[in-house]
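Reading the structure
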Amino acid sequence: MGKAKVIAIANQKGGEGKTTTAINLAHGLSLQGARTLLIDMDPQGNSSGIFVDTDKIELSAADIFLNKTKIKDVIHPTKYEKLFILPSKISLAEVELGSLNVEAPYLLRDAISQVADEFDTIVIDCPPSLSIFTVNALVAANFVVIPLQAEKFSIDGIKGLQTTIESIKRRINPDLKIMGALVTQLKSNTVLTKTILPVIENYFPVFETSISSGVAVGESHLSRQTLMDYSDSAKQTKEYLSFVKEVYDGLEA
Ligand SMILES: Nc1ncnc2c1ncn2[C@@H]1O[C@H](COP(=O)(O)OP(=O)(O)OP(=O)(O)O)[C@@H](O)[C@H]1O
Ligand SMILES: [Mg+2]
């Protein structure tokens, strides 16, 4: 069991596949044998909802930011062996991290350092904004993965994301590495390879695996399961497993 490698799943645009990627990467890494913690940094609590009933839990990520509790008290086991969740709920949105508080960007990093020895990998699901929560994730992370759809509007936003990542690297976290962009919800391989891929590659390295669009993803969310749990045979399950392998290999590099 080693000091955890921390992977942030970030894109300030909504609906690009962050949560789907975070939950399936986290479960996939745990299936590879890595003791894994999934941290939900989104007040929407979408990743949390797969694993716990957010109405019933008392402590959540907000309590860490408000300095009301230690990170250890907010970590829950899941039904999956080796996978643990640090849930968030809507109260996280009310946490005001005062802009004059110089510690604000470092709170998550400090909290993670208290449990880093207990996990091999930590995956952070970010909200669809470049808010202080995304900044906290990027400050705490060793790697960032950027899910995005192969569409024009998705490309428009990536310059802003690249600027944010570069400035966090320059000022705070020089070791932050962009692992790559993951193309999600892909409808046609031709569009990807001919038009979109060259544009994305101008900004970020791109994972060899891409995730196709399919109903199994929505169905797995509805049944509160990861894809690996929901269906061994779904195309997206196989694609996410292949993405997990790329990430796993990238952690060693
Ligand atoms: N490969 C896919 N095929 C079909 N639907 C998908 C796929 N990936 C994601 N979706 C659907 O797209 C929607 C957005 O996905 P997801 O919640 O993972 O994105 P997100 O980036 O976390 O969104 P937000 O920015 O709101 O947090 C969901 O309804 C999800 O079920
Ligand atoms: Mg999400």
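Residues numbered from 1 in each chain as written. Chains lettered and ligands numbered in written order. Predicted model: local features only at pLDDT ≥ 70, side-chain atom pairs only at ≥ 80, totals over all residues.

1. Brief notes about the nonpolar core
Here is the rule we go by: In this usage, the nonpolar core is the set of buried Ala, Val, Leu, Ile, Met, Phe, Trp, Tyr and Cys residues whose C-beta atoms join them within 7 Å. The burial label depends on the number of other C-beta atoms within 10 Å of a residue's C-beta. Counts of 20 or more mean buried, 12 or fewer mean exposed, and intermediate counts mean partly exposed, with C-beta atoms placed from the backbone. Helix and strand assignments follow DSSP, with helices taken as H or I runs no shorter than four residues and strands as E runs no shorter than two, numbered in order from the N terminus. Two residues qualify as a contact pair if the distance between their C-beta atoms, derived from the backbone, is within 7 Å.
By size, the foremost hydrophobic cluster in this structure holds 73 residues, and its most contacted members are Ala8, Ile124, Ala137, Leu138, Ala141 and Val144. Counting residues per element, this core draws most heavily on helix 5 (residues 132-140), which supplies seven residues. Sequence-distant contacts of Ala137, defined by excluding residues within four places in its chain, comprise Ala8, Ala10, Met41, Leu108, Ile124 and Cys126.

2. Brief notes about the pairing of strand 6 (residues 143-149)
Threshold: Note on pairing: DSSP must find at least two bridges between two strands before they are called paired.
Within strand 6, seven of the seven residues are buried, which leaves the element mostly enclosed by the surrounding structure. With three bridges connecting them, strand 1 (residues 5-9) and strand 6 associate as parallel partners. Bridge assignment links Ile9 to a residue of strand 6, and that residue is Val145. Sheet analysis places strand 6 next to strand 7 (residues 177-184), joined by seven bridges and oriented parallel. Looking across to strand 7, one finds that Gln149 is bridged to Thr184.

3. Here's the deal with the site of ligand 1
In plain terms, the rule: Being near a molecule or strand means, for a residue, that its C-beta atom, positioned from the backbone, comes within 6 Å of it. Ten residues, namely Ala, Val, Leu, Ile, Met, Phe, Trp, Tyr, Cys and Pro, are considered nonpolar, four, namely Asp, Glu, Lys and Arg, are considered charged, and the remaining ones, Gly among them, are considered polar.
In the vicinity of ligand 1 lie 20 residues, with Gly14, Lys18, Thr19, Thr20 and Pro128 positioned nearest. Secondary structure elements with two or more residues in the shell around ligand 1: helix 1 (18-31) and helix 8 (215-222). Residue composition of the shell around ligand 1, by class: three nonpolar, 14 polar and three charged.

4. Re the sheet that holds strand 7
Two pairing modes exist for strands in a sheet, parallel and antiparallel, and in both the strands are linked by backbone hydrogen bonds. Here is the rule we go by: Axes here refer to lines fitted to C-alpha atoms; in helices the fit is confined to the stretch in contact. Angles between the N-to-C directions go from 0 to 180 degrees.
The mixed open sheet is built from seven strands, whose spatial order is 3-4-2-5-1-6-7. The open sheet has two edge strands, strand 3 (76-77) and strand 7, and neither has a second partner. Each of strand 1, strand 2 (36-40), strand 4 (83-86), strand 5 (121-125), strand 6 and strand 7 touches helix 1; the most contacted strand, strand 5, lies at about 165° to it.

5. What about helix 10 (residues 235-252)?
Which entries qualify depends on this criterion: One less than the residue count of a helix, multiplied by 1.5 Å, gives the span that helix is expected to have. Working definition: the arc comes from the directions between the helix axis and the C-beta atoms, pointing outward to the latter.
The first and last C-alpha atoms of helix 10 sit 27 Å apart over 18 residues, in line with the 26 Å expected at 1.5 Å per residue. Of all the positions in helix 10, only Gln236, Thr237, Glu239, Tyr240, Phe243, Val244 and Val247 are classed as buried. Down the axis of helix 10, the smallest arc covering the buried residues is 160°, so these residues share one side. For helix 10, exposure combined with an orientation more than 90 degrees from the buried face picks out Asp249 and Glu252. On its buried face, helix 10 sits against strand 1, helix 1, strand 7, helix 8 and helix 9 (227-230).

6. Here's the deal with unusual backbone geometry
A positive phi is found at Asn67, a non-glycine position, where the angle reads about 60°. Here Asn67 shows up in the loop between helix 3 (61-65) and strand 3. You can call Asn67 exposed: it has 10 C-beta atoms within 10 Å. The backbone of Lys82 sits at a positive phi, close to 70°, despite the residue not being glycine. Structurally, Lys82 is set in the loop between strand 3 and strand 4. With 20 C-beta atoms counted inside 10 Å, the residue Lys82 sits in the buried group.

7. Details of helix 5
Helix 5 sits mainly inside the fold: nine of its nine residues count as buried. Every buried residue belonging to helix 5 is among Ile132, Phe133, Thr134, Val135, Asn136, Ala137, Leu138, Val139 and Ala140, and all of these are buried. Packing partners of the buried residues in helix 5 comprise strand 1, helix 4 (107-113), strand 5, strand 6 and helix 6 (152-171).

8. With respect to the pairing of strand 4
Alternating positions in strand 4 separate into two faces, Leu83 and Ile85 on one and Phe84 and Leu86 on the other, with burial throughout. In this structure, strand 2 lies alongside strand 4, joined through four bridges in parallel fashion. The partner of Thr36 across the bridge, within strand 4, is Leu83. Hairpin geometry of strand 3 and strand 4 is characterised by an intervening segment of five residues between the two adjacent antiparallel strands and by a positive phi of about 70° at Lys82.

No statement about biological role is implied by the geometric values presented.
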